[in-house]
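Observations on the model geometry
Chain residues, written in single-letter form:
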Amino acid sequence: MKRLTYERRVQLLALAAGLPGSLIALLLLWFGPSSSQTAWTLTFLIVAAWLGFAASLRHRVVFSLQTLSNLLAAMREEDFSLRGRGARADDAMGEVMIEVNALSETLREQRLGALEATALLRTVMEEIDVAIFTFDAAGKLKLVNRAGERLLDRPAERLLGLTASELGLAVCLEGDSVRTMELALPGGTGRWGMRRGSFRQGGSPHQLVVLTDLRRTLREEERQAWQRLIRVLGHELNNSLAPIQSVAQSLESSLQRSERPESDGSIFADIRQGLAIIRSRTEALGRFMSAYTRLAKLPKPTLGLVEFAEMVRRVAALERRVSVTVEDGLKVSVRADPDQLEQLLINLIRNAADAVGETGGNVRVEWSASPSHLDLLILDEGPGISNSANLFVPFFTTKRGGSGIGLVLSRQIAEAHGGSLTLENRTDRRGCKAHLRLPL
């Protein structure tokens, strides 16, 4: 059986609504005292009015629904410029039109915002000097920016649809999501910083891969490191070579004078003094090179369980020049290289003792632990830090006879254990505070 359409049902309901009244009027007309001509005339008028009102009702209902259908179709096609007329708050259909118009305006604003955000994202992706790739669940490339095209040395039209293996990027979809790797690609070879994330598009998982060229950064860091090294080496070598050259010239002149008859025996005293200066400066130069070798060749720590409180007390007992107070702290074990950790503590306590040795005062050591890390504080009552910018510059020192590697070596040891070391002036009183943090 064929199902009636909505329009036909509305039309039949309209006819049924007028049928009782029209039928009663016709029965009274034909069976009443009216003449035949009058009956036919009124019958035509009644039937015409009945059918006309039914057709008008059908048209109004169907027209309103067709208008709503057109508005919704326009919104589905992302055309939000159409609006429904007759939007009034005093009737049901007007309220429907108001809501549809409001929905269309909301969707228009959201679409405009989405278009602007998408345009901004595309501009950023195209202009940023970072290669961006998007792969679907099958490992096929779905999106690449301009930097990625340069890196692979092909336009996007020839890259989209290829797998990560065909592009030489399969290693980027495996392993840790954040790491540094060596890549040999058509557009460049070297070290790259890789970050990988996941997202969903169209219900299917995708992976986003971002590659950052580290070559320029590494070259700049290397250049700065060489500049600092050359500056330090040049300073130390000049400090030794300048007096050696001066003494050598003086000795040469003295030897030339000793060949003259009127020369006396004092020349040999000058020679002995000059040789002593040469020996002193060469020994200083040897100590400098030994300290540099020690700093540059710090081995990787061999981790083991270390009773921290016992080590702190043992190291503090080694310092006998000043009073070192060790506050009672929690008994905790840390995973560390015992030799390197002990050297770090010796350096910090010795620095604190050197500071208070100039002005008098005490050194206090305390520590506390949280579930994630251990904090050690070494507090002294010395003059404090006058120039914190050069604290961790290799071979920079303000102490007489200092090598300038103690703090640098200590920070390297702390960072090799996954921790940190900072020095700052105390806020409660005069002095310095060394803060060592180690992971638990």
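Please refer to the structure higher up on the page.
Residues numbered from 1 in each chain as written. Predicted model: local features only at pLDDT ≥ 70, side-chain atom pairs only at ≥ 80, totals over all residues. Heavy atoms only, no water.

Here we take up the overall build of the chain. Counting its secondary structure elements, the chain contains ten helices and twelve strands. Carbon and sulfur atoms provide 55% of the accessible area of the chain, an area that totals close to 28,100 Å². (Helix = DSSP H or I, 4+ residues; strand = E, 2+ residues; numbered from the N terminus. Areas by Shrake-Rupley, 256 points an atom, 1.4 Å probe, with all protein chains shown as cover.)

Strand order in this open sheet of five strands is E7-E9-E10-E12-E11, and the pairing throughout is mixed. In this open sheet, the two edge strands, each paired with only one partner strand, are strand E7 (324-326) and strand E11 (420-425). Within this sheet the neighbouring strands show an average axis-to-axis angle of 15°, counted without direction. Pairing of E11 with strand E12 (residues 432-439) involves six bridges; the strand directions are antiparallel. (Pairing = 2+ DSSP bridges. Axes fitted to C-alpha atoms, helices over the stretch in contact; angles between N-to-C directions.)

Hydrogen bonds along the backbone pair up the strands of a sheet, which may run parallel or antiparallel. Sheet architecture is open: five strands sit in the order E2-E1-E5-E4-E3, paired in antiparallel fashion. In this open sheet, the two strands that pair with only one neighbour each are strand E2 (141-144) and strand E3 (178-185). Geometrically, the sheet is characterised by an average inter-axis angle of 30° between neighbouring strands, direction not taken into account. With three bridges joining them, strand E1 (residues 131-135) and E2 adopt antiparallel strand pairing. Each bridged residue has a counterpart across the sheet, and for Phe133 the counterpart in E2 is Val144.

Their axes nearest at 11 Å, the elements helix H2 (residues 36-76) and helix H3 (residues 92-127) cross at an angle of 10°. Taken together, the axes of H2 and H3 are roughly parallel relative to one another. Seen from H2, the contacting residues are Ser64, Thr67, Leu68, Leu71 and Met75; seen from H3, they are Met93, Val96, Met97, Val100, Asn101, Leu103, Ser104 and Leu107. Of the residues assigned to the contact of H2 with H3, the class counts are nine nonpolar, four polar and no charged. (Parallel < 35°, antiparallel > 145°, perpendicular 65-115°, else oblique. Contact = heavy atoms within 4.5 Å. Nonpolar A, V, L, I, M, F, W, Y, C, P; charged D, E, K, R; others polar.)

Time to look at the packing of aromatic side chains. Scanning the model with the defined rule gives two aromatic pairs in all. Geometrically, the ring pair formed by Phe308 and Trp367 is edge-to-face, given 5.9 Å between the ring centres and 80° between the ring planes. With Phe308 in helix H8 (residues 308-318) and Trp367 in strand E9 (residues 363-369), this pair connects stretches of sequence that are 59 residues apart. Judged by relative accessible area, which is 0%, Phe308 ranks as buried. The buried category is assigned to Trp367, whose relative accessible area is 8%. (Phe/Tyr/Trp six-rings, centres within 6.5 Å; stacked < 30°, edge-to-face > 60°. Buried < 20%, exposed > 50% of the residue type's maximum accessible area, 1.4 Å probe, protein only.)

This paragraph deals with the environment of Pro205. Mapped onto the secondary structure, Pro205 falls in strand E5 (residues 204-213). Taking C-alpha positions, Pro205 is 6.4 Å from Asp136, a pair spaced 69 residues apart along the chain. Not counting chain neighbours up to four residues away, the residues in contact with Pro205 comprise Asp136, Ala137, Phe199 and Arg200.

End to end, H2 covers 59 Å across 41 residues, agreeing with the expected 60 Å (1.5 Å per residue, within 8%). Listed as buried for H2 are Ala39, Thr43, Ala54, Val62, Ser64, Leu68, Leu71, Ala74 and Met75. Looking at the packing, one finds that the buried side of H2 touches helix H1 (6-30) and H3. Trailing H2 by a residue or two, Glu78 shows a phi angle of about 65°, which is positive. (Expected span 1.5 Å × (residues − 1).)

A few words on the side chain of Arg196. Relative to the helices and strands, Arg196 is located in strand E4 (residues 188-201). Asp176 is the oppositely charged side chain nearest to the buried, salt-bridge-free Arg196, at an N-O distance of 6.9 Å. (Lys, Arg positive; Asp, Glu negative; His and termini not counted. Salt bridge = Lys/Arg side-chain N within 4 Å of Asp/Glu carboxyl O.)

For the rest of this paragraph, the subject is H1. Counted at 1.5 Å a residue, the expected span for H1 with its 25 residues is 36 Å, and the 35 Å between its end C-alpha atoms agrees. The sharpest bend along H1 reaches about 40° and sits at Leu19, with the proline Pro20 one to four residues further on. Among all positions of H1, only Val10, Ala14, Ser22, Leu26 and Leu29 are buried. For H1, the elements touching its buried residues are H2. (Bend = angle between axes of the 7 residues up to and from the residue.)

Turning next to the side chain of Arg426. If you trace the backbone, Arg426 turns up in the loop between E11 and E12. Polar side-chain contacts of Arg426 include one of 3.0 Å to the backbone oxygen of Asp380. Within the structure, the side chain of Arg426 is placed 3.0 Å from the side chain of Asp428, a separation counted as a polar contact. Leaving out residues up to four positions away in the same chain, Arg426 has contacts with Arg364, Leu379, Asp380, Glu381, Gly431, Cys432 and Lys433. (Polar contact = N/O pair within 3.5 Å; in protein donor to acceptor, adjacent residues only side chain to side chain.)

Before going further, it helps to examine the pairing of E3. Where E3 meets E4, eight bridges bridge the pair, whose relative direction is antiparallel. Bridge pairing in E4 links Leu183 to Gly190.

Among the nonpolar cores identified, the biggest contains 38 residues, and Phe308, Leu341, Leu345, Leu376, Ile378 and Leu436 are the most heavily contacted of them. Broken down by secondary-structure element, the contributors of at least two residues to this core are H8, strand E8 (333-336), helix H9 (338-359), E9, strand E10 (373-380), helix H10 (406-416), E11 and E12. If one sorts the elements of this core by residue count, H9 sits on top with nine residues. Judged by nonpolar contacts, the second largest core, of 20 residues, contains Met181, Leu183, Val209 and Leu211. (Core = buried A, V, L, I, M, F, W, Y, C linked by side-chain atoms within 4.5 Å.)

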